[in-house]
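Observations on the model geometry
Read off the chains here:
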Amino acid sequence: MRFRAKIVDLACLNHFSRVINTIAKLAKTCTLRLTAGKLYFILADKVANGGVSMWCELCQGNFFDEFQMEGVAAEHNEIYLELVPENLSRALKTAQSAKAVKIKLTNKHCPCLRVAVELPSLSSSSRIVTHDIPVGVIPRRLWNDFREPSVPDFDVSIYLPVLKTMKSVVERMKNLSDSIVIEANLSGEMNLKIETDLVSVTTHFKDLGNPPWASENGSQSSSQGRDLESMAEARIDIKKLQQLLAGQQVNPTKALCNIVSQRIVHFILLHEDVSLQYFIPALA
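Please read all numbers here as calculations on a predicted model, not as lab measurements. (Residues numbered from 1 in each chain as written. Predicted model: local features only at pLDDT ≥ 70, side-chain atom pairs only at ≥ 80, totals over all residues. Heavy atoms only, no water.)

1. Some thoughts on the environment of Glu-118
On the secondary structure map, Glu-118 appears in strand β8 (residues 111-119). For Glu-118 and Ala-95, which are 23 residues apart along the polypeptide, the C-alpha to C-alpha distance reads 7.8 Å. In contact with Glu-118, other than residues within four places in its own chain, are Ala-98, Lys-99, Ala-100, Ser-126, Arg-127 and Ile-128. (Helix = DSSP H or I, 4+ residues; strand = E, 2+ residues; numbered from the N terminus. Contact = heavy atoms within 4.5 Å.)

2. As for unusual backbone geometry
Within the chain, Asp-207 stands out as a residue other than glycine whose phi angle is a positive 55°. Among the secondary structure elements, Asp-207 is positioned in the loop between β14 (200-205) and α4 (213-217). In the Ramachandran plot, Gln-262 falls in the positive-phi region, its phi being about 60° despite a non-glycine side chain.

3. Quick notes on the nonpolar core
The biggest cluster of nonpolar side chains holds 76 residues, and the ones touching the most others in it are Phe-3, Phe-16, Leu-192, Leu-241 and Phe-267. Ranked by residues supplied to this core, first place goes to helix α1 (residues 10-26) with six residues. Leave out the neighbours within four places in its chain, and Leu-241 touches Met-166, Val-170, Ile-180, Ile-182, Ile-236, Phe-267 and Ile-280. Membership of the second largest hydrophobic core comes to seven residues, among which are Tyr-40, Tyr-80, Ile-138 and Trp-143. (Core = buried A, V, L, I, M, F, W, Y, C linked by side-chain atoms within 4.5 Å. Buried < 20%, exposed > 50% of the residue type's maximum accessible area, 1.4 Å probe, protein only.)

4. Looking at helix α2 (residues 85-93)
When α2 is considered as a whole, its buried residues turn out to be Pro-85, Leu-88, Ser-89, Ala-91 and Leu-92. Looking straight down α2, one finds that the buried residues subtend no more than 160° of arc, so they occupy a single side. Looking at the buried positions of α2, the neighbouring elements they touch are α1, β2 (30-34), β6 (79-83), β7 (100-107), β8 and β9 (127-134). (Arc of directions from axis to C-beta.)

Okay, structure coming up:
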C-alpha cells in the first residue's frame, strides 16, 4: 500500500487548502478514500441516528502535479484512511507561499500522512517543514460502510440563494431558536422559518429556479405530478445548517438542496473540480 503526491502550482495548493479548511469545519474526523483518479472525504454518520453525513469528491488531476498510489490489492486499488481534517488543514496553513508540497503515506511508528512543505529561502538550499499526521488504515472488510450515499427520492429540489445572504439570515435566526424549517416548492420559492412561543420569523426567497433533475436521467422523482406551489418542508438543527454555511471557503458555482418532507435535507455544492454533498436529517 503506497501513496505519494506533490503539488507545485500555488493556485492549486491554495484551492486544495480551502477545500480542506471547509471539510475541517464540517467534520472532526473523516475518512479519506484515495483512488487513482479521485480523492474523497467522507463523513458517514448514520443519518437515521440524527447525525449529518458528508461526501466530498475531488479530481486529483486538477490539484496534484504528481500522484502515485498502490491500493491494498490490484483488484481493490484504493486506500481508506481515517484522519482528523483539522490536522491536515493546519499543516497546509504553513504552505501558503510554498514552492512545493509533498504528501506521502509513511509508517514509522504508526501510519502517518507526511506533509513536507518546501519553503522558499534566500540561500540556495530550501527549507523543508514536515508535519506527520497520524491516520488509521481502514481494513477492506469495512469499506462498504463508506459508499456514496444515494440521492434521496426528494419532494422538491431547488437552487439555493447566494450562500452569504443565507448565512447571515441563519446566523441571526440562530440566536432565537435551535431549529429551523426549510421549505421550498417547484416554483422557485424557498422560505427559512423559525417558530418559538415568543417569536416567529420567516425569510422568503423567490425566483431561485428548480434543477431539471427528472429530465436528465429519466428517473421519476416523487416531485413529478406535484403541485408546483405546494411546499415541502423539513425542520433541522440550525447549528448544523450554520456549520455548513460558515464553513464554505470554496465558492460554489452551483448550490442546491433537495428536500424529502419531514425526513432529510440534502445539500449539493458544486465547484468546477469539487463536489460536496451534505445530508442533514429532519428533527422529529
